[in-house]
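The chain contents come next:
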Amino acid sequence: MKVSYKWLQEFVNIDISPRELADRLTLAGITVEGVKETGEGVSKVITGQIDSISRHPNADKLVVTSVNIGTEKLQIVTAATNVREGDIIPVAVEGAKLASGLAIKRAKLRGVESRGMMCSGQELGIDPKTMSAEQASGIMILPPGARIGEDAKEILGLDDYILELDLTPNRGDCLSIIGVAREVAALLGKPFRLPQPSFGELDEKTEGQVKVDILDRDLCRRFVGRLIKNVRIGSSPLWMQQRLRAAGMRPINNIVDVTNYVMLELGQPMHAFDYNLLQDGHIIVRRVREGEKIITLDGAARDLTPGMLAITDPSGPIAIAGVMGGQSTEVTDKTESILLESAFFNPVSVRRTSKALGLRSEASLRFEKGIDIGGCARAADRAAQLIVEMGSGEASAGRVDRTSETITERVVQFRPSRASYVLGVDIPGETARDILTSLQFKVQDANGDLLVTIPTHRVDVSLEVDLIEEVARMYGYDKAPETLPFGKSTGGMKTIEQAYTTRVRSQLAASGLFEVMTYSFVHPRVFDLMNLPAGSPYRNTLNIQNPLSEEHSVMRTMLLPCLMEVLVRNYNRRVQNGAVFEMGRVFVTRGLDTQPEEKTILAAAAMGCAPGSWNLAPAAFDYYYLKGVLENLFSALRTAPVTFRPESADPSFHPGRTAVLEADGVRLGILGELHPDVLEKYELPVKVTAFELDFNQLLALSGQPADFIPLPKYPGIERDLAVLVKKDIPAEGIFAAIREAGGKLLSDVSLFDIYSGEQVPDGMQSMAFSLKFQAVDRTLTDAEAVEMTNAIAGALAGKFGAELRS
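Residues numbered from 1 in each chain as written. Predicted model: local features only at pLDDT ≥ 70, side-chain atom pairs only at ≥ 80, totals over all residues. Heavy atoms only, no water.

Colleague: How would you explain the packing of helix α6 (residues 238–246) against helix α7 (residues 254–266) if you had to name every residue and give the values?
Modeller: Two quantities define a packed helix pair, namely the angle between the axes and the distance from one axis to the other. Their axes nearest at 10 Å, the elements α6 and α7 cross at an angle of 55 degrees. Here α6 is positioned oblique relative to α7, judged by the angle of their axes. The handedness of the crossing between α6 and α7 is left-handed. Between α6 and α7, the residues in contact are Trp239, Met240, Arg243 and Leu244 and Asp257, Val258, Asn260, Tyr261 and Leu264, respectively. (Axes fitted to C-alpha atoms, helices over the stretch in contact; angles between N-to-C directions. Helix = DSSP H or I, 4+ residues; strand = E, 2+ residues; numbered from the N terminus. Parallel < 35°, antiparallel > 145°, perpendicular 65-115°, else oblique. Left-handed = near helix turned anticlockwise from the far one by under 90°. Contact = heavy atoms within 4.5 Å.)

Colleague: If you had to explain unusual backbone geometry to someone new, which residues and values would you point to?
Modeller: Within the chain, Gln440 stands out as a residue other than glycine whose phi angle is a positive 75 degrees. Checked against the element boundaries, Gln440 lands in the loop between α12 (429–438) and β25 (442–446). By relative accessible area, Gln440 is classed as partly exposed at 33%. (Buried < 20%, exposed > 50% of the residue type's maximum accessible area, 1.4 Å probe, protein only.)

Colleague: Describe the pairing of strand β13 (residues 220–229), and please don't skip the residues or the numbers.
Modeller: The element β13 is extensively covered by neighbouring structure, given that nine of its 10 residues are classed as buried. Pairing of β13 with strand β21 (residues 338–345) involves eight bridges; the strand directions are antiparallel. Note on β21: the bridge partner recorded for Arg226 is Leu340. As judged from the two bridges shared by β13 and strand β22 (residues 394–397), these two strands associate in the antiparallel manner. (Pairing = 2+ DSSP bridges.)

Colleague: Outline empty space enclosed by the protein, supporting the account with residue identities and numerical values.
Modeller: According to the stated counting rule, one finds one cavity of 30 Å³ or more in the structure shown. In this structure, the largest cavity spans a volume of roughly 30 Å³. Taken together, Arg171, Asp173, Arg182, Glu183, Leu439, His457 and Arg458 form the lining of the largest cavity. Looking at the lining of the largest cavity, its residues break down into one nonpolar, one polar and five charged. The residue makeup of the lining of the largest cavity includes at least three contributed by each of domain 1 (2–38 + 161–188) and domain 4 (411–474). (1 Å grid on protein atoms, 1.4 Å probe; cavity = no way out; pocket = protein on both sides within 12 Å on 5 of 7 lines; lining within 4 Å. Points joined across faces, edges and corners; volume = space filled by probe spheres on them. Nonpolar A, V, L, I, M, F, W, Y, C, P; charged D, E, K, R; others polar. Domains from an automatic or database assignment.)

Colleague: For the environment of Ala741, give the residues involved together with the corresponding values.
Modeller: With respect to the helices and strands, the residue Ala741 is situated in helix α20 (residues 731–742). Given a relative accessible area of 29%, Ala741 falls into the partly exposed group. Setting aside its immediate chain neighbours within four residues, Ala741 contacts Ala791, Ile792 and Ala795.

Colleague: Tell me about the sheet that holds strand β26 (residues 449–454), and name the residues and values.
Modeller: Here we have three strands laid out as an open sheet, ordered β24-β26-β25, and antiparallel in their pairing. At either margin of the open sheet sits one strand with a lone partner, and together these are β24 (410–414) and β25. Ignoring strand direction, the axes of neighbouring strands in this sheet form an average angle of 25 degrees. Direction of pairing for β24 relative to β26: antiparallel, over a ladder of five bridges. Of the residues in β26, the one forming a bridge with Gln413 is Leu451. Against the sheet, α12 contacts β24, β25 and β26, and its axis sits at roughly 155 degrees relative to β25.

Colleague: Requested: an account of the packing of helix α2 (residues 18–27) against helix α5 (residues 177–188), with residues and values cited.
Modeller: Between α2 and α5, the shortest axis-to-axis distance is 11 Å and the interhelical angle comes to 95 degrees. Relative to α5, the element α2 is oriented roughly perpendicular. Together, Leu21, Arg24 and Leu25 of α2 and Val180, Glu183, Val184, Leu187 and Leu188 of α5 make up the contact between the two elements. Considered class by class, the residues forming the contact of α2 with α5 number six nonpolar, no polar and two charged.

Here is the structure:
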């Protein structure tokens, strides 16, 4: 919201500078982001009238003009094509400076002396968006009757300051000059002036010529109409154009400018209909019906949907309530009579409609935040007053005023003792009363408390705490005494879940994986991409009622599709090696009337290779790499022993390169290479290995007691054992058999080689194990080591048909 300092002074006497006023408003909760001086840097620019224009003797595109600036006549050479004899223009005389910093000097242009420069609006620092294209780039033409020889900054309103406000959503009342003026009057302890509109009217009444029916009273609580006849369309006065430009709006014509001016001044959006284009002079406010359309003032054809509120006549929609008018009743140069609309529309309805149509306007912004329902009639009268005073039309007597309810003001009890308790500051009741009165609240005594009547323009105040806030901000937050906090305090600490979350993230990052955060919303097609059958429980999703797009229309039930999108996006941008992980939530539906279950899942996906170096070859991000990452993670978390069971039933994973993770009989998750069909659907030509774990289950199985074993006093004996076994025998079973046969003296076992090929029968593979035997009470003999090795070989032969390989 841009507020003119000079405009504010019409309603309150301000005796402090604009910048000091900005500071005072900011401290009172009305944040002023900046103060801008209009016409800053512009000097010695005065108004002049073109007496004559003649051709330049040496240039076809230049003309020589004689400009009367009151005290003398100046010869000025210009290339402007939009000036005519008799035009009044801003003239930069010798020694003048423009907004760009350009200094004007006497010069010769193609041999002809020029003693100044005619100015465009942009050269004077006026925002080109607030002017017509001709005024912005061509010479600025002032209205006839503008005084000659005067300071152009004063004539054009460039001797003002603009306060740029950053309002909180609840302060819709400050989206108007009078709203800010009320605040300023209260801050400075000055009287607030708001004159009642007064103007002459025709004998014929508006009632009888205009009919208004509100069919949907929940969406339109009040509609005020005023009929203006004998309308003369033209330019608005220069002072009105100045104020509109100061607020960032472009002047259009006298009627449109009046509606915009009243909206800025009073905060009441208005619209003008061409009365003669209204069928039967009948306004109907109702919800849109199926199939209705409208061409709005911007020339766009728009399809309306049931539920939107429209202003209609018997023929159909003529405006979108609170958003934009229609082209069918637009005010044009041929307009003779207008109907002024001043109404109160439901904020939620306006917000939904403007969002659905992609139409945001100054009017919709104010309706969305809530306007003064008690000010609709005043706004209509003020607009009529301005039109009559400008000689742009004549007002019919009275107005049409339809409302769905009796407009009343709320009464709220205010307890000074409660205010002091809430604020921690002792504010006397008399002080609180003065503050509320200065803010235009009506206050009555009630046995030591106050009964406060809330004016209709303060839609943000409804409770006692709201009044306490009003008193606090006007009293001054800076007056609150500085005190140290007191009471019992405890040191903060992380919960167990938070601590483990941090540890997991650190461990995976240390293992070469990058953490990502993805949207919780996904497209339903991701389940097809992941090869999931129609009956998969993962397809039982929670649908979003108002999705931003179909790409984000359901809540995710698994993390892997999100990680696959990350890998695909990176691969398509030539990042073909990488491993990512995410710890996020998935959403499992539990019926329509029950909140969904939110499960925390830990997932990772990797493609390509880990970075290498001069002495380290790149390691493939394959099944074994991620298996090692998980084993290190389980070790760091002291998780119960985890087994990796072969898995072939999951449709998203490769049936021969996948394992299910289990611990204490509980399924933790799955690890494996993604199915080739999944990679094909994602159009990813490289292998991807991934895992998904239930973090809550992992948390429950972690934190096992640590066993501390003293360093051995006696040396151990190492032996190698190579056996031939069938390829379909899992290594986990062989490890278990070795540990069982080796007993307590077997301190460690590891697999260091797997071979299949020449000298190994088909269907078989050679597996070589390193065995370490060690006793805590003595040094073992070679004979004992041989005996235990033979026992292990015998156990493998008996259980798996393993043969010793020589």
